[in-house]
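Working through the structure, step by step
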Amino acid sequence: MDKAVVLGGSVAGLLAARALAEHAQSVVVIDRDDLHVPGRRPGVPQGTQLHALLPGGFLQLERLFPGFGRQAVAQGAVEAPPEARRSYLDGRLKVVVPGDADSLAGSRPLLEGLIRQQVLRLPNVKTITARATGLVFDGAVTSGVRYEVGGTAGTENADLVVDAMGRSSRLSDWLEQAGWERPEMRRMSVHLNYATALFRRRADKPQHTVVLALNSPRTSAAVAGAAFFAIEDGRWMAMMAGYADNRPGRTPEDFVRRLREFPPEFHEVADSELLGDVQTYRHADSRRRDFHKLSRFPAGLVPVGDAVASFNPVYGQGITAAALHAACLSTYLRAGPDLRQPAREFLALQQVVVDAAWSMSTSADLALPHVDGPYPRGYRFSRWVSRQIVDATVTDIATARRFNDVVSLCEHPNALARPGVILGALRANLRAR
Ligand SMILES: Cc1cc2nc3c(=O)[nH]c(=O)nc-3n(C[C@H](O)[C@H](O)[C@H](O)COP(=O)(O)OP(=O)(O)OC[C@H]3O[C@@H](n4cnc5c(N)ncnc54)[C@H](O)[C@@H]3O)c2cc1C
């Protein structure tokens with residue numbers, strides 16, 4: 001194609017631009033923020049919060065940018081192979097799974113910055129700093145975008161437009177205003193309260209670089225989970241999360257005190273020097289927009305990333321899901337589709353990714369005491385099975401390996417629904433008793 005325009009230059013938009021750069025003469029990325037200014041930026045308010053890069057996402061980033069991990073480490077990111085990761089469930093240390101996929105720990109600005117460097121160095125990718133305000137249609141085909149910069153309006157023609165404007169994207173409004181259908185938006189209220197703080201790290205090469213501790217709803221603990229990662233510039237980044245009225249870590253004193261309620265590894269971080277303020281974030285709901293269900297959808301348009309589905313952040317799925325959407329886009333474009341027809345093949349591929357991530361995140365959220373549905377058919381049984389599998393991950397390497405592959409988005413959740421896996425989990429739990 002001649003030109004593709006990507007609206008939103010955060011992780012999902014940049015990864016889509018990377019995929020498009022192989023199929024378009026030019027790719028234009030439009031963002032409200034100047035993407036040439038490094039570091040934190042207002043367009044991504046969640047940027048101060050801890051971001052996990054799941055092994056499935058790391059794998060995709062290595063495919064899109066060979067040597068990504070090496071370059072991230074050169075910029076200060078810290079390697080997190082399986083033996084450097086520790087995970088607790090309800091205070092019980094989980095088995096280490098030898099041969100599990102690798103991951104990386106680094107701040108969100110570092111990871112996003114490296115993705116941005118890789119994409120913006122592609123010769124056919126350009127940026128415009130502007131606010132996108134609408135789409136231009138030629139009959140049933142999207143033919144461009146409208147934007148505004150400093151009070152002046154502009155338009156950019158496009159053969160393909162990608163919406164990567166995040167969970168507050170206004171694409172649905174724009175479609176409706178232009179006489180198209182509006183996609184159904186499904187929401188699940190989670191009322192998550194996140195808090196992140198930075199600490200000085202004394203050890204240059206700590207033994208454990210990623211430590212997670214989850215409290216399942218049956219513990220009725222005020223803090224649902226905490227984690228800390230070794231990140232660039234000799235720091236620890238620690239986070240804790242609570243639901244509904246539980247807002248852990250609103251003050252530095254509270255944050256440090258609550259870190260000490262977690263297993264011993266957390267105490268070392270709590271004893272370190274706190275750097276700056278605690279950053280809090282409230283996340284009301286997980287939401288998805290079902291574009292694939294629309295009977296009328298314009299050609300030349302695809303949505304990606306949080307604009308399609310954004311999940312409870314405690315599961316760390318967003319960046320990885322965005323990378324998988326880029327992989328879907330790449331698969332769609334390699335088949336040489338007719339861009340003057342709606343991108344149904346893309347939406348079908350993407351639906352597999354969205355359904356997988358959504359089912360995992362919402363089925364775990366349904367178990368939270370303050371969440372009241374909607375419960376799918378067979379929920380009680382599937383809840384019982386999930387609990388058996390999650391319990392078995394504490395002691396049983398085979399179950400933990402499968403589970404880790406699924407929650408890190410390397411494998412489809414169906415891999416856990418096999419009788420052999422469920423029986424293995426039941427046996428492991430009987431042995432553990
Ligand atoms: C508290 C919190 C913690 C999280 N933790 C994790 C984690 O551990 N691991 C993980 O993988 N994910 C995590 N996520 C999710 C992750 O941040 C997103 O999934 C990821 O950023 C991809 O989102 P995106 O690119 O689709 O949208 P966003 O990152 O939200 O970016 C949207 C972009 O669109 C631009 N934009 C919006 N409107 C316009 C407009 N009209 N014109 C021009 N530009 C526009 C914005 O400036 C921005 O750059 C977390 C999210 C939150 C809220």
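Residues numbered from 1 in each chain as written. Predicted model: local features only at pLDDT ≥ 70, side-chain atom pairs only at ≥ 80, totals over all residues. Heavy atoms only, no water.

Observations concerning the domain arrangement of the protein
Each assigned domain of the protein is listed here: domain 1 (3–71 + 110–186 + 286–363), domain 2 (77–105 + 188–285) and domain 3 (375–432). Between the C-alpha centres of domain 2 and domain 3 the distance comes to 24 Å. Facing ten residues of domain 2, the contacting portion of domain 3 comprises 13 residues. Summing both partners gives a buried area of about 1,100 Å² for domain 2 against domain 3, and 55% of it is carried by carbon and sulfur. For the pair domain 2 and domain 3, the number of links is one salt bridge. The partner of R218 in a salt bridge is D391, with the nearest N and O atoms 2.5 Å apart. Classifying every residue of the side of domain 2 that touches domain 3 by side-chain character gives six nonpolar, no polar and four charged. (Domains from an automatic or database assignment. Contact = heavy atoms within 4.5 Å. Buried area = accessible area lost by both parts, 1.4 Å probe. Salt bridge = Lys/Arg side-chain N within 4 Å of Asp/Glu carboxyl O. Nonpolar A, V, L, I, M, F, W, Y, C, P; charged D, E, K, R; others polar.)

A closer look at the site of the ligand
Taken together, the neighbourhood of the ligand is formed by 32 residues, with S10, D31, A52, R108 and I319 sitting nearest. The separation between an oxygen atom of the ligand and a polar side-chain atom of Q46 is 3.0 Å. For the ligand, whose free accessible area comes to 1,000 Å², the fraction covered by protein is 94%. If you list the elements that add at least two residues to the shell around the ligand, you get α1 (11–20), β2 (26–31), β8 (131–138), β16 (274–289) and α8 (318–334). (Near = heavy atom within 4 Å. Polar contact = N/O pair within 3.5 Å; in protein donor to acceptor, adjacent residues only side chain to side chain. Areas by Shrake-Rupley, 256 points an atom, 1.4 Å probe, with all protein chains shown as cover. Helix = DSSP H or I, 4+ residues; strand = E, 2+ residues; numbered from the N terminus.)

Side note on the pairing of strand β13 (residues 210–214)
Pairing of strand β4 (residues 85–89) with β13 involves five bridges; the strand directions are parallel. Residue pairing in the sheet places S87 in a bridge with L212 of β13. Summarising the sheet, β13 and strand β14 (residues 225–231) pair through five bridges and their orientation is antiparallel. Paired with V210 across the bridge in β14 is F229. (Pairing = 2+ DSSP bridges.)

Focus on helix α10 (residues 379–392)
Between its first and last C-alpha atoms α10 spans 20 Å; for 14 residues at 1.5 Å apiece the expected length is 20 Å, and the two agree. The complete set of buried residues in α10 reads Y379, V385, Q388, I389, D391 and A392. (Expected span 1.5 Å × (residues − 1). Buried < 20%, exposed > 50% of the residue type's maximum accessible area, 1.4 Å probe, protein only.)

Here we look at the side chain of T142
Positionally, T142 belongs in strand β9 (residues 141–149). Within the structure, T142 has its side chain in polar contact with the backbone oxygen of A299 (distance 2.7 Å). Residues in contact with T142, not counting those within four places in the same chain, are L135, V136, F137, A158, V161, P298, A299, G300 and L301.

A word on the sheet that holds strand β10 (residues 152–157)
Pairing is antiparallel across the open sheet formed by three strands, whose spatial order is β8-β9-β10. Each edge of the sheet is formed by a strand with only one pairing partner; in this case those strands are β8 and β10. The average angle at which neighbouring strand axes cross in this sheet is 25°, direction not considered. Note: β9 against β10, six bridges, orientation antiparallel. Pairing of R146 across the sheet is with T155, part of β10. (Axes fitted to C-alpha atoms, helices over the stretch in contact; angles between N-to-C directions.)

Re the packing of aromatic side chains
One pass over the full model with this rule turns up eleven aromatic pairs. Between F311 and W358, the aromatic rings sit 6.4 Å apart at their centres with planes inclined by 55°, giving tilted as the arrangement. Taken as a pair, F311 in the loop between β18 (309–310) and α8 and W358 in helix α9 (residues 344–365) lie far apart in primary sequence, 47 residues in all. Accessibility assignment for this pair places F311 and W358 in one class, buried. Each member of the aromatic cluster is reached from another via a ring pair, and the members are F228, W236, F262 and F266. One Lys or Arg, R201, reaches over the ring of W236 and ends 5.7 Å from the middle of that ring. (Phe/Tyr/Trp six-rings, centres within 6.5 Å; stacked < 30°, edge-to-face > 60°. Lys NZ or Arg CZ within 6 Å of the ring centre and 35° of its normal.)

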